[in-house]
Amino acid sequence: MVRNRAFGQIMDEGDNPGFFKILRREDLSSEFMRMIPYPLIRSIPDKSSSFKMVLKMPWGSSWPVKISKNPSFYYMEDLGWNQFVNDNVLGENEFLTFTHEANMCFNVTIYEADGKEMLRPREFATIASSSNQNMKEQRKKIYKNVKKEEEIESWSESSYPSLKTAESTWGILKQKQELNLRKKEAEKTEKSKKSRKRKVDNICDDSEAASLSLVPEFKLTIKKSHLLFLGIPKKFVDMHMPGETTMFKIHHRKGKKSWLVMYMATDVQSRFSGGWSRLAKNLGLVVGDVCTFKLIKPTEMLLKVFKEETP
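So, how was this worked out
Residues numbered from 1 in each chain as written. Predicted model: local features only at pLDDT ≥ 70, side-chain atom pairs only at ≥ 80, totals over all residues. Heavy atoms only, no water. Salt bridge = Lys/Arg side-chain N within 4 Å of Asp/Glu carboxyl O. Helix = DSSP H or I, 4+ residues; strand = E, 2+ residues; numbered from the N terminus. Buried < 20%, exposed > 50% of the residue type's maximum accessible area, 1.4 Å probe, protein only. Phe/Tyr/Trp six-rings, centres within 6.5 Å; stacked < 30°, edge-to-face > 60°.

Asks: If you had to explain the pattern of salt bridges to someone new, which residues and values would you point to?
Replies: In this structure the tally under the stated criterion is five salt bridges. The residue Lys294 makes a salt bridge to Glu217 at a minimum N-O spacing of 3.7 Å. On the criterion of sequence distance, the pair formed by Lys294 in strand E14 (residues 290-297) and Glu217 in strand E9 (residues 217-221) is long-range, its members being 77 residues apart. Taking the relative accessible area as the measure of exposure, Glu217 reaches 42% and is therefore partly exposed. Residues Asp289 and Lys307 are paired through a salt bridge, measuring 2.8 Å at the closest nitrogen-oxygen approach. One end of the pair, Asp289, is in the loop between helix H6 (276-283) and E14; the other, Lys307, is in the segment after strand E15 (300-306), and 18 residues separate them in sequence. Through salt bridges with shared partners, one network takes in Glu94, Glu112 and Arg122.

Right, dumping it as structure tokens:
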């Protein structure tokens, strides 16, 4: 028995009541998407307007979710629902069934967009896109333009003829003149060596600065929706991000802490989802903070946060 459109439809499965949902990106966090059919709530004994349900997966993992009621319908509160969505990396057009077992425990079955049932937690391999490889090669080429410092043969006193072998005063004076001349040449060579070293150091510094300027980055101001998932600018995605769903490592600029965050690649808007809300909570991100993301490796980013100044 199916009612309404694609959100919270009732289904009958033997003696156990249940309902199903078809996920839509634009409604993932809305109360309408989190709606529970009223007839199903009414069919469960000892119901109340505010209580908890448990969402249980076939592999044993479970998520407690609090239930509330507005004037029109019952719904799952966003904190537990969003944690369930993020931990299971749920996405567009995936089909979910919720079958009541007992005591507000619901067995959840997930069918992917291609109709295949998900029987174990998702695992993703890290995939580097060709565009990222090209950027990496471009940064390496900068250092190839710096010429290797020429080796300068040092002057050694051992090459001087011994003064003790001079047979005459003229010979001694002549050798002293040669010594002075060679010392001057050695000093000049040493100055030239230092000058060359300074020049090479300056070239290296300039090359390093040029390399940093080639690191791709984007900046955005945190909105309320960004605390749950972070949409990445499409222009940046097209130029630098992988074309498939991938696990990213995000480092915080002011510390050694890092997080693993799921990057979901879609045609509509690619984003950071699973693990992102935990990162935002750990860093204390709030609406108005400005975040800069730098792509330091194909699947690693450096995050710098500018906190909103309070008046």
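Asks: Give a detailed account of the packing of aromatic side chains, specifying residues and quantitative values.
Replies: Scanning the model with the defined rule gives 15 aromatic pairs in all. Aromatic side chains Trp81 and Phe84 sit 5.8 Å apart centroid to centroid with 40° between the ring planes, which places their arrangement in the tilted category. Within this pair, Trp81 and its partner Phe84 are both found in helix H2 (residues 78-87), separated by three residues, close to a single helical turn. Each member of the pair Trp81 and Phe84 is classed as buried.

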